[in-house]
Amino acid sequence: MKLDARIPEGPIEQKWDSHRFKMKLVNPANKRKFTVIVVGTGLAGGAAAATLAELGYNVKAFCFQDSPRRAHSIAAQGGINAAKNYQNDGDSIYRLFYDTVKGGDYRAREANVYRLAQVSVNIIDQCVAQGVPFAREYGGVLANRSFGGAQVSRTFYARGQTGQQLLIGAYQALERQIGLGKVEMHSRSEMLDLVIVDGVARGIVTRDLVSGKVETHLADAVVLGTGGYGNVFFLSTNAKGSNATAVWRAHKHGALFGNPCYTQIHPTCIPVSGDYQSKLTLMSESLRNDGRVWVPLKAGDKRAPGDIPVAERDYYLERRYPSFGNLVPRDVASRAAKAVCDEGRGVGPGGLGVYLDFADAIKRLGANTVAERYGNLFQMYERITGEDPYKVPMRIYPAVHYTMGGLWVDYNLMTTVPGLYAIGEANFSDHGANRLGASALMQGLADGYFILPYTIGDYLASTKLAPIDANHAAVKAAEARVNERTNKLLSIKGKRTADSFHRELGKLMWDNCGMGRNKTGLESNLRRIPELRAEFWQNLSVPGTGNELNKELEKAGRVADFLELGELMCRDALDREESCGGHFREEHQTPDGEAARDDEKFAYAAAWEWKGEGQAPVMHKESLNFDYVHPTQRSYK
Amino acid sequence: MRITLNVWRQKNAQDKGGFEKYDAPNVSEDMSFLEMLDVVNEGLISAGKDPIAFDHDCREGICGMCGFMISGVAHGPESGTTVCQLHMRKFKDGDELWLEPWRAKAFPVLRDLTVDRSAFDRIIASGGFVSVHTGSAIDGNAIAVPKPAADLAMDAAACIGCGACVAACPNASASLFTSAKISHLALLPQGQPERDRRAINMVERMNAEGFGHCTNIGECEAVCPKEIKIENIARMNRDYICASFKDRPAVARLAD
Ligand SMILES: Cc1cc2nc3c(=O)[nH]c(=O)nc-3n(C[C@H](O)[C@H](O)[C@H](O)COP(=O)(O)OP(=O)(O)OC[C@H]3O[C@@H](n4cnc5c(N)ncnc54)[C@H](O)[C@@H]3O)c2cc1C
Ligand code: SF4
Ligand code: FES
């Protein structure tokens, strides 16, 4: 298989414009003859479904929650980037492009990143027009804040609920189209397989999560906006239902999986409190604007934080990275936290925590201003821990947060299966080996509002698709696969719950494929994950039947897929004999403990091909060229 | 600590349903309420029984998916908190609790503590938006929004669509939810062009879905996890009445 990224010719500033001009258009009157399936109603899927319907296509949209408004995008707190330069502080499209390529540790595709920076400005305009209540200054203009990995202030926000407000904007646009009859919405409906006819994606098979009914939906193209796979780790900041099922089934039908090992570990999360823990809660990165991170200077110092004098504290980020200080990118901040905890200087139960202290900010700005900026986060922290961050510093620790890997897509966001697109966190994305804060919301909305609706038109206008119906052999086969699998999960009748397998997998992944990775650990995972998977298929317990609302059955199906994807992640991590961004191979570090990239050998995106059950997957390379932003060692010192 | 739970069990919409008693013997105060239920469910599955079905997703109080009655109070005893953010330190050893689904004609029970809230989506589809196609927006800073208006709009827009307001209301009215959306958009310049038809369409949809009328009891505000203010209902009523006088429904329908 030859990978063709279909990057348009020409200077980077002109690629998207000239591509848009060259792409074929679907005549307005013909658009209603096409049906597009959009799986997922997060920022990416919701925006795409609404926009495609506005353009005149018939859209069928799907989500597993009870309403499209509840997609996991709702939980994003901090903000969304855009190169508006409203602060007059030197921002530009080129600077956002530059920061993103550098922040991604030179493992992203330049042409995509440039386009992302270009459309970022349109996103803000669109969202404002929809009525998204962004924060404002007294003069009535939009307010900004800073985020990690940037020295300009380009992040737009709506209190600590930016994702919620952006998603509600997209959801309202979607509901408008549902009301107008252009979108047929299927909530509480889970995609379990893909229908491929003559090598082209033509539909999906779903299970109605209330009645258990298996249904087929056919279309002219299929778009997956199904989010990230951070829940492989069981404990992550993702919503409990976030899963990899849709992308994994697509992968098994020929969609290559890009950079599966690139995982983002977020530095500021509330530490684990017990073994019943069901998820981890993020404390937005925006807190690092005003909060100072520190640990005691001496290992094993058990004094209360207030009793430790300033001279006996180590503000280790400010010390190690004087120019970015507390605002270094996430991968750097997470590893630094792990390093001080490994030295025995961690705080709180188990020593897995560092302080994020607002005492200086409260002194400088007053408690009211701090409350205005972060009030809801402080409240959330207090509910979970029972401690008041206005009085004692927060305790934080890194947690799995985001996956930069995902289905490999070309410049048009099409996977290696023709007619199958992946958008938002589900694709292997524009973030390289590390995503900058406030850039996922930007990418999801860029894909959904401004990129996919154009590129999919080009495909539909230039492809001749034969009519098919529900009796087609490929449809019957896909339905049979889904039924067979459901029956298999229900018929094992073993002793362990899906969650217990999931927790065990998560622990293996966190220990050996988390913040630090090495050959021994990864090899051990590659032995143990297949064993765990074998046990899963022999000893799983799923109560109830397939013809009813059955949450355990839903979970079991998702865990089955995580048990395969986890293995691929370890394989990719083992293969990538370098450190880059969120992928830190302990064997490859600079003398002062920073990630050591190997551009000679590894300046490529790894795209893995599924070769069948029990077969080793095959890796294909998309080599990455850096014509504009020249790779250097990423330094935030 | 040890907690006794009486949980509403109902197999599906047709089933009559009833309470069943469960024992949760080893509850840690750091657990969230849903983590406590996870542990109970693991026990039920091991004993070969059906686990308790409840909706949840983010477990951060933002998606609006979770929610049920705890001893008669929507989302339980802590104010301004969803049930997923409620922690067991708010309870004490030996407590006996009663868990029930939201009860409202417009929210049929699907199973156990899970209900169908799709009526809320239909209310939004009837008018809870600004009709602006992707691509047709002007520059974000070309629309100046006074900070107080932006803040008030944000207060209203914080609604997570959980349905607690309906469940708490003796009339099962959806006025707090509907008015939060009407206010969010009415407070912003972007919402003005469609203000009248939005108020009329959304209020009429809300009534058609089978929600009851608002009689100013205020239970909704008391349980709302996002502390949405009842003044939004006054704003909605004013907009609805003004729009009705202008007889915009006829105009709006002609425009459709
Ligand atoms: C706590 C938290 C805070 C964050 N804060 C920020 C931030 O401040 N700034 C930022 O830029 N990014 C942030 N992120 C990242 C960002 O929120 C996500 O990357 C982004 O929202 C993903 O959007 P999406 O549309 O790709 O997917 P999602 O929003 O995850 O949506 C996935 C959709 O797919 C559906 N789905 C999935 N599988 C199936 C299936 N099999 N069948 C049917 N439907 C399916 C779901 O129902 C859902 O509708 C944050 C992430 C987290 C976890
Ligand atoms: S108004 Fe409050 S209680 Fe009602 S749906 Fe919104 S958030 Fe929930
Ligand atoms: S689970 Fe999302 S609000 Fe409770």
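Procedures and definitions
- Residues numbered from 1 in each chain as written.
- Chains lettered and ligands numbered in written order.
- Predicted model: local features only at pLDDT ≥ 70, side-chain atom pairs only at ≥ 80, totals over all residues.
- Heavy atoms only, no water.
- Core = buried A, V, L, I, M, F, W, Y, C linked by side-chain atoms within 4.5 Å.
- Buried < 20%, exposed > 50% of the residue type's maximum accessible area, 1.4 Å probe, protein only.
- Contact = heavy atoms within 4.5 Å.
- Near = heavy atom within 4 Å.
- Polar contact = N/O pair within 3.5 Å; in protein donor to acceptor, adjacent residues only side chain to side chain.
- Areas by Shrake-Rupley, 256 points an atom, 1.4 Å probe, with all protein chains shown as cover.
- Helix = DSSP H or I, 4+ residues; strand = E, 2+ residues; numbered from the N terminus.
- Nonpolar A, V, L, I, M, F, W, Y, C, P; charged D, E, K, R; others polar.
- Salt bridge = Lys/Arg side-chain N within 4 Å of Asp/Glu carboxyl O.
- Domains from an automatic or database assignment.
- Buried area = accessible area lost by both parts, 1.4 Å probe.

Draft legend 1. View of the nonpolar core. Core analysis: the largest hydrophobic core is formed by 228 residues, its most contacted members being I80(A), F134(A), L224(A) and F211(B). Those residues in contact with I80(A), other than ones at most four positions away along the chain, are I123(A), I124(A), F134(A), R154(A), T155(A), F156(A), T162(A), L166(A), A438(A), L441(A), M442(A) and L445(A). Counting residues in hydrophobic clusters, the runner-up holds 28 residues, among them L5(B), L37(B), F91(B) and L97(B).

Draft legend 2. Summary view of the site of ligand 1. All names here are of chain A. Near ligand 1 lie 38 residues; those nearest to it are Q65, S73, M191, E425 and L441. Here an oxygen atom of ligand 1 sits 2.9 Å away from a polar atom, N or O, in the main chain of T41. Measuring from an oxygen atom of ligand 1, one finds a backbone N or O atom of L441 at 2.8 Å. Bound to the protein, ligand 1 loses 98% of the 1000 Å² it would expose on its own. If you list the elements that add at least two residues to the shell around ligand 1, you get α3 (43-55), β6 (189-197), β15 (394-403) and α12 (440-462). The dominant element in the shell around ligand 1, judged by the number of residues it contributes, is β6, at 3 residues. Taken together, the residues of the shell around ligand 1 sort by class into 16 nonpolar, 19 polar and 3 charged.

Draft legend 3. Seen up close, the interface of chain A and chain B. Listed per partner, the contact involves 73 residues of chain A and 74 residues of chain B. The tally of links between chain A and chain B comes to 9 salt bridges. A salt bridge links D155(B) to R159(A), with the shortest nitrogen-to-oxygen separation between them at 2.9 Å. Within the residue set of the side of chain A that touches chain B, elements represented by two or more residues are α3, α5 (110-130), α6 (162-179), α11 (367-385), α12 and α16 (551-575) of chain A.

Draft legend 4. Expanded view of the domain arrangement of chain B. Residues and elements named next belong to chain B. Under the domain assignment, chain B is made up of domain 1 (3-110) and domain 2 (117-255). Relative to domain 2, the C-alpha centre of domain 1 lies at a distance of 30 Å. For the domain 1 and domain 2 pair, buried surface summed over both sides reaches about 1400 Å², with 63% attributable to carbon and sulfur atoms. Inspection of the domain 1/domain 2 interface yields 1 salt bridge. The partner of R117 in a salt bridge is D55, and the shortest N-O contact between them spans 3.8 Å. Linking domain 1 to domain 2 there are 4 residue pairs in polar contact (both at pLDDT 80 or more).

Draft legend 5. Region of the structure containing the domain arrangement of chain A. All names here are of chain A. What the domain assignment reports for chain A is domain 1 (35-262 + 404-461), domain 2 (267-399) and domain 3 (473-595). With 41 residues of domain 1 at the contact, the number on the domain 3 side is 42 residues. Both sides of the domain 1 and domain 3 interface together cover about 3500 Å² of buried area, and 61% of this is carbon and sulfur. Summed over the three residues of domain 1 that lose the most area to domain 3, namely F233, F234 and C261, the buried surface amounts to 20% of that side. Where domain 1 touches domain 3, the interface holds 19 residue pairs in polar contact (both at pLDDT 80 or more). For the side of domain 1 that touches domain 3, the elements supplying multiple residues, two or more each, are β6, β7 (200-208), β8 (214-218) and α7 (245-252). With 7 residues, β6 is the largest single contributor of residues to the side of domain 1 that touches domain 3. The class makeup of the residues in the side of domain 1 that touches domain 3 is 22 nonpolar, 12 polar and 7 charged.

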